[in-house]
Amino acid sequence: MSIELRTSTWDDFPLVKIINARGENGYRTQADFDAHQLVFTPDRSIMAFDGKHMVGNALSYEMNMYVPGGISKIAAVASVSVQATHRRQGINRAIMKYQLEDIYSRGEPLAVLQASESIIYGRYGYGLASFESNLEIEKTRSAYAIEHTSQGQAYFIEESEAREIFPHIYSKAIENRTGMVTRKENWWEFRFREPGLKGGDPKSWFVKYQENGSDEGYLRYTINGTELNVIELIASSHQAYSSLWRICLDMDLVDVIKAEHRPADEELKWMLADPRRLIEHSSDRYWVRLVDVKSALSRRSYSIDGSLIFKIQDDFLPWNQETLELSCESGEVSCTTSTKNPDIILNAGDLGAVYLGGINFSTLSSANRIEELTQGSIAKANLMFSTPRKPWGFDGW
């Protein structure tokens, strides 16, 4: 059997989405096709063919993500699937190799995905870099430890106004929040349509929070029976955050409040009088692949000055397999090839795991995943790569 890999054209779009849906054991409606057409980029979509039959595919989106100290281009990898008739034949490996080489040629130092099957991606150099929480709390157990008095005012608004004001609030709120991605106009349109995809209910309610005439936060939610589901709660101030959560937690005719894709260090827990009542279901969110290790390390900031020498092991992308000296002095970062003895030996996937600051080197060292050759280098790496907050990967793709 000979498998041919090639990139898509717009004519391939419907079949690409059908193949991906079949890989997920699902179906696509016209609403799904219309929404995904907004963000589809044909030359970033890779197809695998057995003769005339498409048997696998993967795609990526060009996005901008906040990394520690700034913003970086990423390839947001999605829709990775191989048909059930062609699994265990090396097709996915070939697609992943083709895709990562393409991403490298585009000058994008990071690939980031959200894995439906987490067993797969470590073999291609992806590292588990962040977690998320799905939250649930009973309304009667949701009192704050410190009584909250709103300094502003919330208002219900129509979707038309939400489309006008949400982008500005979002941009302000996520600035420098590691893991969050910016949204271009086509992605905003996709997000507004998203609840109605895969057979979902497109109807939802919109709320804005204002203080001193300024829009400081927004809420989008649905209600199913006596259950309130938070779709988005985004705030640029503690007042907005506290007030919007209280709207959810005090909603009439509601018994349970749920919210998905919330940050692993959600501050709501620490605001509750009885934090045990907030049920948290934790799961992995971002898998990060350093496509160009040298460039990726140079693009983020570090919490303390210092230097470390890493020996990078990367069989899948051999251009990364070298010894690098990472230095930070007065905020100036450099990452260069080195002939010095390494302080730490690790593979590209484990470096991807620590890149956003959500996982520390000590954890991986204790798991026997990385090797410390210079005493104290793990402790130094922990400090250099540390961040004030855990990375938050809210948007899905």
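The coordinates are above.
Residues numbered from 1 in each chain as written. Predicted model: local features only at pLDDT ≥ 70, side-chain atom pairs only at ≥ 80, totals over all residues. Heavy atoms only, no water.

## Remarks on the nonpolar core
Part 1: In this structure, Leu 297, Phe 361 and Trp 397 are the most contacted members of the largest nonpolar core, which totals 72 residues.
Part 2: No other element matches strand β3 (residues 53–67), which puts seven residues into this core.
Part 3: Ignoring sequence-local partners within four residues, the contact set of Leu 297 consists of Tyr 302, Leu 324, Leu 326, Val 333, Cys 335, Leu 351, Tyr 355 and Phe 385. (Core = buried A, V, L, I, M, F, W, Y, C linked by side-chain atoms within 4.5 Å. Buried < 20%, exposed > 50% of the residue type's maximum accessible area, 1.4 Å probe, protein only. Helix = DSSP H or I, 4+ residues; strand = E, 2+ residues; numbered from the N terminus. Contact = heavy atoms within 4.5 Å.)

## Thoughts on the side chain of Ser 60
Part 1: Its place among the elements puts Ser 60 in strand β3.
Part 2: Judged by its relative accessible area of 2%, Ser 60 falls in the buried class.
Part 3: A polar contact of 3.0 Å, which involves the side chain of Ser 60, links it to the side chain of Arg 44.
Part 4: With residues near it in sequence (within four places) discarded, Ser 60 still touches Arg 44, Ala 75, Ala 76, Val 77 and Gln 99. (Polar contact = N/O pair within 3.5 Å; in protein donor to acceptor, adjacent residues only side chain to side chain.)

## Here we look at the environment of Ile 344
Part 1: For Ile 344, the location among the structural elements is in strand β18 (residues 344–347).
Part 2: Sequence separation of Ile 344 and Ile 312 is 32 residues, and the distance between their C-alpha atoms is 8.7 Å.
Part 3: Setting aside anything within four residues of it in sequence, one finds Ile 344 in contact with Ile 309, Phe 310, Lys 311, Phe 361, Glu 371, Ser 377, Ile 378 and Ala 381.

## Here we look at the packing of aromatic side chains
Part 1: Throughout the structure, instances matching the rule amount to 24 aromatic pairs.
Part 2: Ring centres 5.3 Å apart and planes at 45° place the aromatic pair Tyr 124 and Phe 316 in the tilted group. With Tyr 124 in the loop between β5 (110–113) and β6 (127–128) and Phe 316 in the loop between β15 (306–313) and β16 (323–329), this pair connects stretches of sequence that are 192 residues apart.
Part 3: Residue classification places Tyr 124 among the buried residues on the basis of a relative accessible area of 4%.
Part 4: Pairing Phe 192 with Phe 206 gives two aromatic rings, centres 6.1 Å apart and planes at 45°, and the pair type is tilted. Residue Phe 192 is found in helix α5 (residues 185–193), and its partner Phe 206 is found in strand β9 (residues 205–211); the two are separated by 14 residues along the sequence.
Part 5: According to the relative accessible area criterion, Phe 192 is buried, its value standing at 7%.
Part 6: In this structure Phe 206 comes out as buried when scored by relative accessible area, which is 4%.
Part 7: Clustering of aromatic rings is evident, with ring pairs tying together Phe 166, Tyr 170, Trp 188, Phe 192, Phe 206 and Tyr 218. (Phe/Tyr/Trp six-rings, centres within 6.5 Å; stacked < 30°, edge-to-face > 60°.)

## So, the pattern of salt bridges
Part 1: All told, the structure shown has 29 salt bridges when counted by the stated rule.
Part 2: For Glu 189, the salt bridge goes to Arg 193, with nearest N and O atoms at 2.8 Å. Residue Glu 189 and its partner Arg 193 are located together in helix α5, separated by four residues, close to a single helical turn.
Part 3: By relative accessible area, which is 32% here, Arg 193 ends up partly exposed.
Part 4: Beyond isolated ion pairs, a larger network of salt bridges with shared partners links Arg 183, Arg 191, Glu 194, Glu 232 and Asp 395. (Salt bridge = Lys/Arg side-chain N within 4 Å of Asp/Glu carboxyl O.)

## Thoughts on the sheet that holds strand β19 (residues 371–372)
Part 1: In space, the five strands of this open sheet follow the order β17-β16-β15-β18-β19, with mixed pairing throughout. Of all strands in the sheet, those bounded by a partner on one side alone are β17 (332–337) and β19.
Part 2: Summarising the sheet, β15 and β16 pair through six bridges and their orientation is antiparallel. Its bridge partner being in β16, Ser 307 is matched across the sheet by Ser 327.
Part 3: Helix-sheet contacts for helix α9 (residues 348–355) involve β15 and β18, and the interaxial angle to β18 is about 95°.
Part 4: Sheet contacts for helix α11 (residues 377–385): β15, β16, β18 and β19; angle to β15, the most-contacted strand, approximately 105°. (Pairing = 2+ DSSP bridges. Axes fitted to C-alpha atoms, helices over the stretch in contact; angles between N-to-C directions.)

## A look at unusual backbone geometry
Part 1: You will see that Asn 212, though not glycine, has its phi angle at about 55°, which is positive.
Part 2: As for its position among the elements, Asn 212 is in the loop between β9 and β10 (214–224).
Part 3: On the basis of relative accessibility, which here comes to 80%, the residue Asn 212 falls in the exposed class.
Part 4: A positive phi angle is found at Asn 368, which is not glycine, with a value near 65°.

## Things to note about a positive patch on the surface
Part 1: Positive charge collects at one region of the surface, where Arg 87, Arg 88, Arg 93 and Arg 123 lie side by side.
Part 2: Mapped onto the elements of the fold, Arg 93 is located in helix α3 (residues 91–105). (Patch = residues over 30% accessible without salt bridge, like charges linked within 9 Å, V, L, I, M, F, W, Y side chains within 5 Å. Areas by Shrake-Rupley, 256 points an atom, 1.4 Å probe, with all protein chains shown as cover. Lys, Arg positive; Asp, Glu negative; His and termini not counted. Charge placed at Lys NZ, Arg CZ, Asp CG, Glu CD.)

## Observations concerning the sheet that holds strand β13 (residues 279–284)
Part 1: Read across the open sheet, the seven strands follow the order β8-β9-β10-β11-β12-β7-β13; overall the sheet is mixed. Where the open sheet ends on each side, the last strands, each with one partner, are β8 (153–157) and β13. Strand-to-strand twist of the sheet, defined as the mean angle between neighbouring strand axes without regard to direction, takes the value 25°.
Part 2: As judged from the eight bridges shared by β10 and strand β11 (residues 227–235), these two strands associate in the antiparallel manner. Across the sheet, the residue bridging to Leu 219 is Leu 233, located in β11.

## Examining the packing of helix α1 (residues 13–23) against helix α2 (residues 30–37)
To describe two helices that pack against each other, one gives the angle between their axes and the distance between the axes.
Part 1: Where α1 meets α2, the closest approach of the two axes is 11 Å, and the angle between their N-to-C directions is 115°. The way α1 lies across α2 gives a crossing that is right-handed. Contacts from Phe 13, Pro 14, Lys 17 and Ile 18 in α1 reach Phe 33, His 36 and Gln 37 in α2.
Part 2: Broken down by class, the residue content of the contact of α1 with α2 amounts to four nonpolar, two polar and one charged. (Left-handed = near helix turned anticlockwise from the far one by under 90°. Nonpolar A, V, L, I, M, F, W, Y, C, P; charged D, E, K, R; others polar.)

## Brief notes about the side chain of Arg 285
Part 1: Turning to its location among the elements, Arg 285 is positioned in the loop between β13 and β14 (287–290).
Part 2: A distance of 2.8 Å separates a polar side-chain atom of Arg 285 from the backbone oxygen of Phe 394.
Part 3: Only 3.4 Å separates the side chain of Arg 285 from the backbone oxygen of Asp 395, close enough to count as a polar contact.
Part 4: Among residues more than four places away in sequence, those in contact with Arg 285 are Leu 113, Gln 114, Ser 130, Phe 131, Glu 132, His 261, Gly 393, Phe 394, Asp 395 and Gly 396.

Function cannot be inferred from these measures alone, as they are strictly geometric.
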